[in-house]
Amino acid sequence: MHDLSTYQLSLIAFGAIAFGIWMLIKGGDWTVDNAVTVAGRSGLSKLFIAATVLAFGTSAPELFTSVNANLSGFPGVSVGNVIGSNIANVFMVIGVSALIAPVVFSRADVVLDTVVMLVATAGMAAAVVAGILPAWGGLVMVIALAGYVLYQYKASKLDVDEVEEHDAGSRFPGLMLLVGILTLLIGSEILVQGAVAGGVALGVPEAVIGMTLIAFGTSLPELTACVAAARKGQNDMIVGGIIGSNIFNILSVLAISAVAKPLLIDPRFASFDIYAVVLVTLIFAVFLLLVGKIGRIAGVIMAACYIAFIIAQYTVVDSFLANTL
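Enquirer: Explain the overall build of the chain residue by residue, including any values.
Expert: From N to C terminus, the chain includes eleven helices and four strands. Across the 325 residues of the chain, 51% fall into the buried class. In the chain, the share of contacts with a sequence separation of at least 24, taken over all contacts with a separation of at least 6, comes to 90%. Carbon and sulfur atoms make up 71% of the accessible area of the chain, which totals about 13,900 Å².

Here is the structure:
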């Protein structure tokens, strides 16, 4: 029996990656549509649905992928996925959405969410610098997330006459929600194994694979949902969804990964990547708290910066870190 060549391994790996991403997109669609349908019937505001239900639904691929990667012995994929996804959410998803139509929103409505996002990012930065997120640290993050969601729920409950119908899901939203989650679970396993195999075949570090290919793939549900919202002029869904997704990525995805198994963090993340995600989050916060609008020019710049970040990961950054770490 002959061993497979690097080319053959790469071909199989990228086939698995493509199929895994497709499953994550479909699973994300089913999860989001039916979760919004279920939540909408309970009478909740659009901003709350976007910042919690929609954000959790679109973060589900990151959750399943990161927990699976950490339990499988690939913590670099797990951490890289969260950092890369938060960068992709702002520069790619918001950038592309703003290209379709300027994203205009009320600054007063997003103050609390923005502050929580900044605090969560600071917590992640502290864990990266320390080189570990222990199980107790993950548990504290999960409890903080539960408190945030509970507060938002109480603050966002609508009167009965304000309730809007959300019928994007199927006739059996509860059942299809479970099908969507199962699809995400299977898709994440295929994506992780395919990405790691592809990285090994090509000699690419797992941290880079996590921050680029997997982060992009697991951010596709956010991109799909926000592009659809941009076309319909639902700016609350775009802004709330991305802020919420970035919060959930840290306080649930990273945290639950650590609760499942203490998360050992590669020193390379503290050398460049954590600074990149903190800078991106601060830029986003400036728009949220001081500007109140993300126009097409800003969208072009954001999208260009994301492309530059991806290119840098495979060229300048990796070579630099290889020589310094």
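Enquirer: Before we move on, could you go through the environment of Lys-232 and cite the residues and values that matter?
Expert: Residue placement: Lys-232 occurs in the loop between helix 7 (206-231) and helix 8 (235-260). When its relative accessible area of 67% is taken as the criterion, Lys-232 is described as exposed.

Enquirer: Which residues make up the packing of aromatic side chains, and what are the values?
Expert: Aromatic rings in a pair are described by how distant their centres are and how their planes are angled relative to each other. Counted under the stated rule, the structure contains one aromatic pair. Here the aromatic rings of Phe-19 and Trp-22 are separated by 6.0 Å at their centres, their planes lie at 15°, and the arrangement is stacked. Placement of both Phe-19 and Trp-22 in helix 1 (residues 6-40) is noted, with a separation of three residues, approximately one turn of the helix. Note on Phe-19: relative accessible area 42%, which makes it partly exposed. What makes Trp-22 partly exposed here is its relative accessible area of 48%.

Enquirer: Tell me what's going on with helix 8, and back it up with residues and numbers.
Expert: For helix 8, built from 26 residues, the straight-helix expectation of 38 Å at 1.5 Å per residue is met to within 8% by its first-to-last C-alpha distance of 35 Å. Largest kink in helix 8: about 35°, centred on Asn-249. When you tally the buried positions in helix 8, you get 22 out of 26 residues, the bulk of the element.

Enquirer: Residues and numbers for the layout of surface pockets, please.
Expert: Size it by volume and the second largest pocket reaches roughly 270 Å³. What lines the second largest pocket is a set of 16 residues, and nearest its centre among them are Val-119, Ala-120, Met-141, Ala-144 and Leu-251. Contributing elements (two or more residues each) for the lining of the second largest pocket: helix 4 (111-130), strand 2 (132-133) and helix 5 (135-156). Across the lining of the second largest pocket, the residue classes break down as 14 nonpolar, two polar and no charged.

Enquirer: Run through the environment of Ile-49, naming residues and quoting values.
Expert: Here Ile-49 is to be found in helix 2 (residues 46-71). When the C-alpha atoms of Ile-49 and Gly-244 are compared, they prove to be 9.6 Å apart, with 195 residues separating the residues in sequence.

Enquirer: Describe helix 3 (residues 75-100), listing the residues and the values that go with them.
Expert: Here helix 3 contains 26 residues, and its C-alpha end-to-end distance of 36 Å stays within 8% of the 38 Å for a straight helix at 1.5 Å per residue. The sharpest bend along helix 3 reaches about 35° and sits at Ala-88. For helix 3, a buried count of 22 out of 26 residues is recorded, marking the element as mostly surrounded by other parts of the structure.

Enquirer: Residue-level account of the nonpolar core, with values.
Expert: Met-124, Phe-284 and Ile-294 are the most contacted members of the largest nonpolar core, which totals 79 residues. Here this core takes 13 residues from helix 8, the largest share from any one element. Sequence-distant contacts of Ile-294, that is, excluding residues within four places in its chain, are made with Ile-94, Ala-98, Pro-102, Val-103, Phe-105, Phe-284, Phe-287 and Met-302.

Enquirer: So what's going on with the side chain of Asp-273? Which residues, and what values?
Expert: Its location among the elements puts Asp-273 in helix 9 (residues 268-291). Classification of Asp-273 by relative accessible area gives buried; the value is 0%. If near-sequence neighbours (up to four positions away) are discounted, Asp-273 is found in contact with Ile-83, Met-211, Arg-268 and Gln-313.

Enquirer: How would you summarise the side chain of Asn-249 if you had to cite specific residues and measurements?
Expert: The topology assignment puts Asn-249 in helix 8. Residue class for Asn-249 comes out buried when judged on its relative accessible area of 0%.

The rules behind the values
- Residues numbered from 1 in each chain as written.
- Predicted model: local features only at pLDDT ≥ 70, side-chain atom pairs only at ≥ 80, totals over all residues.
- Heavy atoms only, no water.
- Helix = DSSP H or I, 4+ residues; strand = E, 2+ residues; numbered from the N terminus.
- Buried < 20%, exposed > 50% of the residue type's maximum accessible area, 1.4 Å probe, protein only.
- Contact = heavy atoms within 4.5 Å.
- Areas by Shrake-Rupley, 256 points an atom, 1.4 Å probe, with all protein chains shown as cover.
- Phe/Tyr/Trp six-rings, centres within 6.5 Å; stacked < 30°, edge-to-face > 60°.
- Expected span 1.5 Å × (residues − 1).
- Bend = angle between axes of the 7 residues up to and from the residue.
- 1 Å grid on protein atoms, 1.4 Å probe; cavity = no way out; pocket = protein on both sides within 12 Å on 5 of 7 lines; lining within 4 Å.
- Points joined across faces, edges and corners; volume = space filled by probe spheres on them.
- Nonpolar A, V, L, I, M, F, W, Y, C, P; charged D, E, K, R; others polar.
- Core = buried A, V, L, I, M, F, W, Y, C linked by side-chain atoms within 4.5 Å.

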